[in-house]
Amino acid sequence: MVRIDLLAGAALALALSAGPAWAQDLQTPPVAPPPPPVEGMSTDPDQVRFSAGSLEYDTDTDVVTALGDVRMFRTGDRLRADQVVWNRKTGKVVATGNIAITNPEGDIAYGDSIELTDSLKDGMVENMLVVLEQGGRMAARQGLRETDGTIELRDAAYSPCAVTNSDGCPKNPSWKITAVRITYRPDRQRIYYRGGKFHLFGLPAIPLPSFSHPIGPGSESGLLSPIFRYSQVNGLQVATPYYFRLAPNRGLTLTPHVFTSVLPMLQADYSMLDEHGALRVTAYGTRSRRSDDLNALANTPTEQAFRGYLDSVGRYQFTPEWSLSESVRLSTDKTFLRRYDISRDDRLRSTARLEHIDRDSYFAVTGWYVQTLRANDKQGFQPVALPEIDYRRRIADVAGGVVQLQANSLALSRSSGQDTQRAFISAQWDLRRITRWGQLVTLTGYARGDAYNTQDTLATSVVSYRGIEGFQTRGIAAAAVDVKWPFVGDFLGGTQRLTPEVQIVASPQLANLVVPNEDSRAIDLDDTNLFALNRFAGYDRFEDTSRVTYGVEWALSLPGISLRTQIGQSYRLSTRMTILPNGTGLAERFSDYVGRTELRIRDFVSITHRYRLDKDGLAVRRNEIDATVGSRKSYVVVGYLRLNRNIMPSIEDLQDREEARVAGRIQFKRFWSAFGSAVVDLTDRNEDPLSLSDGFDPLRTRLGVQYEDDCIRLGLTWRRDFVTNGDARAGNSFLLTLALTNLGR
């Protein structure tokens, strides 16, 4: 082995950022890239170090020939070839045979032969293949590397797709772009095309204009993946997003939506991220006919008007303690979001919150606004909260326990409804101890003072929600003791735990009905509030009874399997009347039975069952099942809910219903999958006298098929909506999705 160091004024950058290969052959040749030198890379930029099996020097022609596994190294550049010939008179350097080159960025280039100048910085490559470190590869009949690292490829092809299958055998890429000329600019991390054609799955090529796209993780301005959709309401839709890179941390995407049946719509998406926080704003705007009557028939007259939607989410962290967050959702009318398939929400909530959080305290000033999109709701009855102020402080080691103080105020106003102002101060003391027998005992004391002021109470239709007009006060006090006694033991090769729990709560009779009920309307006994101090959800109502609650939880843990079940009931000790309405499970002295069962089998099965059984005949008043079975590739999700509580129709927030949901995906080949979902309304008039359902009314169904591999996602989805809401008509829609790696991302 002959080894020599050459002090040449240049680089082995040879074709490093470029490289060689076989004309438009994207397969990686069986040539290993050169490893780093054993003695390490030289730090001298003018020194080229190489080794070879033999070295010949012709004194007559002044030609140096290195033969046999030639390896050349310069700083971060490495070359391997079968032969390197250097003509010192002409300055011509030629490397041939099984060439592989690696540059400092990690790109690997292959080729049959490379012809360089004696600067070793530029030259011509025959049958070039460039494998980029950031993903993707380019192949060409001929390539030229310029001194600045730019690579010009002629009769070339590019693809980011895998060129071998799971067994390592060669395969054609899912898609590629061929072009008369491809230019790779490593300084810009961008590829440019002239005379290009797009090839997908071997189908006939699609001509492309001159264009460019980035590679790697960065973002650049340019077109994104188009959207194709068809619906019976809007006709054929084509959307072509264009992304503007305003700064490394800011971007704007403008998306014109063109329809065959209605006027175009413009969508704008702005996003920003800096050291203080993030902001995202989405806006839609168009002009079309609309009907605000969601119960209108198909031939109902409509009016031409501007229509749009604004959606903004932001959060800013000024210090570790202080933050500001906002969420704005506003629509011009009730049907715009459904008409253009943006969202199916029936209420839009806008909020803004300033928060201070430290170890022992919390402070927030919040404002919020609700826009209703429901058919029978009037916007004038929706509240505006401005402001809500909440302060909480935790004080440790008070009589052996922890005290939490809270001060809260809220102002609700409505343009056509009841206005309410509320303020309260509360204190809660909790003491937790574990006895020598293993019981967990919790003692709780709670006291609160409320002040309310309300106007226009007659605008509220439900009498129990109104309160008494004017200024009212209320005092609240409660005491509780809770005891848990877990028993742990072995069972079936695993561990089981049985935990009985008993709770006693005492509270005097309160003046609940003299104050309005704004936030405690949807009361329903379930497993989550069975042992709560107050089983109303909000602050406006407090359960003013003395009661004992008892239940038991059993948990089993086996290798790969976990099972947990809970059941309980409460008994009201006092005989006075309760404010809890019939059907909530709490109206009588003995409550209904409530429970929950959860089953987990590794990551394959997840089942949750929640229920409420009538205390007298064990009739099922609530039955809720959520189940997921399968893996990430193939799975099915099933949901079922039935509320059969016999609630009075006048209690608008507690209507009974029955609904089933199912969704799933099946991967039937390595890259192919089919998916679908359906939502069915099973409610009939026996459950809800106001329901128009016949007991089996599909609301939405969806079916689709998708192909997804390492560089492409292609899908077709069919969906049918069965419900008409104003000008958002029932009907079929189709969506074609196409996403390509490095293109339109």
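In this text the structure is predicted, and so the values were computed from the model without any measurement.

## A look at the overall build of the chain
Move 1: Counting secondary structure elements, the chain contains one helix and 43 strands.
Move 2: Relative to a compact globule of 745 residues, whose C-alpha radius of gyration would be 27 Å, the chain shows 36 Å and is clearly more extended.
Move 3: Overall, the chain is about 120 × 75 × 50 Å in size when its C-alpha atoms are taken along their principal axes.
Move 4: Counting across all 745 residues of the chain, residues that qualify as buried make up 45%.

## Brief notes about the state of the cysteines
Move 1: In the structure shown here, the tally under the stated rule is one disulfide.
Move 2: Summary of cysteine pairing: Cys 169 is not part of a disulfide, and the nearest cysteine sulfur, belonging to Cys 161, is at 18 Å.

## A look at the packing of aromatic side chains
The way to describe two aromatic rings as a pair is by their centre distance and the angle between their planes.
Move 1: Under the definition given, this model contains 18 aromatic pairs.
Move 2: Their ring planes at 65° and their centres at 6.4 Å tell us that Tyr 158 and Tyr 193 sit as a pair that is edge-to-face. Pair noted here: Tyr 158 is in strand β10 (residues 151–159) and Tyr 193 is in strand β12 (residues 190–200), with a separation of 35 residues, a long-range link.
Move 3: Relative accessible area serves as the criterion here: at 0%, Tyr 158 is assigned to the buried category.
Move 4: Aromatic ring contacts, followed pair by pair, group Tyr 158, Trp 175, Tyr 193, Phe 198 and Phe 211 into a single cluster.

## Let's talk about unusual backbone geometry
Move 1: In this chain, Leu 386 is followed by Pro 387 through a cis amide linkage whose omega measures -5°.
Move 2: Checked against the element boundaries, Pro 387 lands in strand β26 (residues 384–398).
Move 3: Look at Asp 69: it is not a glycine, yet its phi comes out positive at around 50°.
Move 4: Relative to the helices and strands, Asp 69 is located in strand β4 (residues 63–74).

## Things to note about a nonpolar patch on the surface
Move 1: The grouping of Phe 228, Tyr 230, Leu 236, Ile 666, Phe 668, Trp 672, Val 705, Leu 716, Phe 734 and Leu 736 at the surface amounts to a nonpolar patch, some 870 Å² of accessible area in total.
Move 2: Mapping Phe 734 onto the fold places it in strand β43 (residues 731–740).

## Some points on the pattern of salt bridges
Side chains carrying opposite charge are able to pair once their charged atoms draw close together.
Move 1: For the structure shown, the criterion picks out 47 salt bridges.
Move 2: Here Arg 80 ties to Asp 69 by a salt bridge, and the two come within 3.5 Å at their closest N and O atoms. Taken as a pair, Arg 80 in strand β5 (residues 77–87) and Asp 69 in strand β4 lie far apart in primary sequence, eleven residues in all.
Move 3: Residue classification places Asp 69 among the partly exposed residues on the basis of a relative accessible area of 38%.

## Some details on the nonpolar core
Move 1: Judged by nonpolar contacts, the single largest core of 41 residues is most densely connected at Met 138, Leu 153, Tyr 158, Trp 175, Ile 182 and Ile 191.
Move 2: When residues of this core are assigned to their parent elements, the largest contribution, five residues, is made by strand β11 (residues 175–185).
Move 3: Excluding residues within four positions of it along the chain, Ile 182 makes contact with Met 138, Ile 151, Glu 152, Leu 153, Ala 156, Ala 157, Tyr 158, Ile 177, Ile 191, Tyr 192 and Tyr 193.
Move 4: The next biggest cluster of nonpolar side chains, apart from the first, holds ten residues, and it includes Phe 259, Tyr 284, Tyr 309 and Leu 373.

## Quick look at the side chain of Arg 521
Move 1: Mapping Arg 521 onto the fold places it in the loop between β32 (494–506) and β33 (547–558).
Move 2: Within polar-contact distance, the side chain of Arg 521 engages the backbone oxygen of Asn 517 at 2.8 Å.

## Points about the environment of Arg 188
Move 1: On the secondary structure map, Arg 188 appears in the loop between β11 and β12.
Move 2: A relative accessible area of 46% places Arg 188 in the partly exposed class.
Move 3: For the pair Arg 188 and Thr 332, spaced 144 residues apart in sequence, the C-alpha to C-alpha distance is 43 Å.
Move 4: Among the polar contacts listed, one links the side chain of Arg 188 to the side chain of Tyr 192, at a separation of 3.0 Å.

## A few points about the pairing of strand β39 (residues 657–667)
Move 1: Bridge analysis of strand β38 (residues 635–643) against β39 gives nine bridges, and the strand direction is antiparallel. By the bridge assignment for β39, Tyr 635 is matched with Arg 665.
Move 2: Judged from the nine bridges that link them, β39 and strand β40 (residues 672–681) form a sheet pairing that is antiparallel. Paired with Gln 667 across the strands is Ser 673, a residue of β40.

## Digging into the confidence of the model for the chain
Move 1: Here the chain shows a mean pLDDT of 86. Residues at 70 or above account for 90%.
Move 2: Of the regions scoring below 50 in pLDDT, residues 1–23 engages in 115 contacts with residues more than four places distant in sequence or in other chains.

## Concerning the environment of Thr 575
Move 1: Following the sequence through the fold, Thr 575 ends up in the loop between β34 (561–572) and β35 (593–601).
Move 2: Judged by its relative accessible area of 67%, Thr 575 is exposed.
Move 3: Distance in space between the C-alpha atoms of Thr 575 and Ser 546 is 9.4 Å, their sequence separation being 29 residues.

## Some words on the side chain of His 257
Move 1: Take His 257: it is sitting in strand β19 (residues 250–259).
Move 2: The exposure class of His 257 is buried, given its relative accessible area of 5%.
Move 3: Here the side chain of His 257 touches Gln 237 through a polar contact of 2.7 Å, side chain to side chain.
Move 4: Those residues within four positions of His 257 in sequence are excluded, and the remaining contacts are Gln 237, Val 238, Ala 239, Pro 264, Met 265 and Gln 267.

## What to know about the environment of Thr 351
Move 1: Turning to its location among the elements, Thr 351 is positioned in strand β24 (residues 347–357).
Move 2: Taking the C-alpha atoms as reference points, Thr 351 and Gly 367, 16 residues apart in sequence, are found 5.6 Å from one another.

Parameters and conventions
- Residues numbered from 1 in each chain as written.
- Predicted model: local features only at pLDDT ≥ 70, side-chain atom pairs only at ≥ 80, totals over all residues.
- Heavy atoms only, no water.
- Helix = DSSP H or I, 4+ residues; strand = E, 2+ residues; numbered from the N terminus.
- Rg over C-alpha atoms; globule rule 2.2 N^0.38 Å.
- Buried < 20%, exposed > 50% of the residue type's maximum accessible area, 1.4 Å probe, protein only.
- Disulfide = S-S within 2.5 Å.
- Phe/Tyr/Trp six-rings, centres within 6.5 Å; stacked < 30°, edge-to-face > 60°.
- Patch = residues over 30% accessible without salt bridge, like charges linked within 9 Å, V, L, I, M, F, W, Y side chains within 5 Å.
- Areas by Shrake-Rupley, 256 points an atom, 1.4 Å probe, with all protein chains shown as cover.
- Salt bridge = Lys/Arg side-chain N within 4 Å of Asp/Glu carboxyl O.
- Core = buried A, V, L, I, M, F, W, Y, C linked by side-chain atoms within 4.5 Å.
- Contact = heavy atoms within 4.5 Å.
- Polar contact = N/O pair within 3.5 Å; in protein donor to acceptor, adjacent residues only side chain to side chain.
- Pairing = 2+ DSSP bridges.
- pLDDT = per-residue confidence, 0-100.

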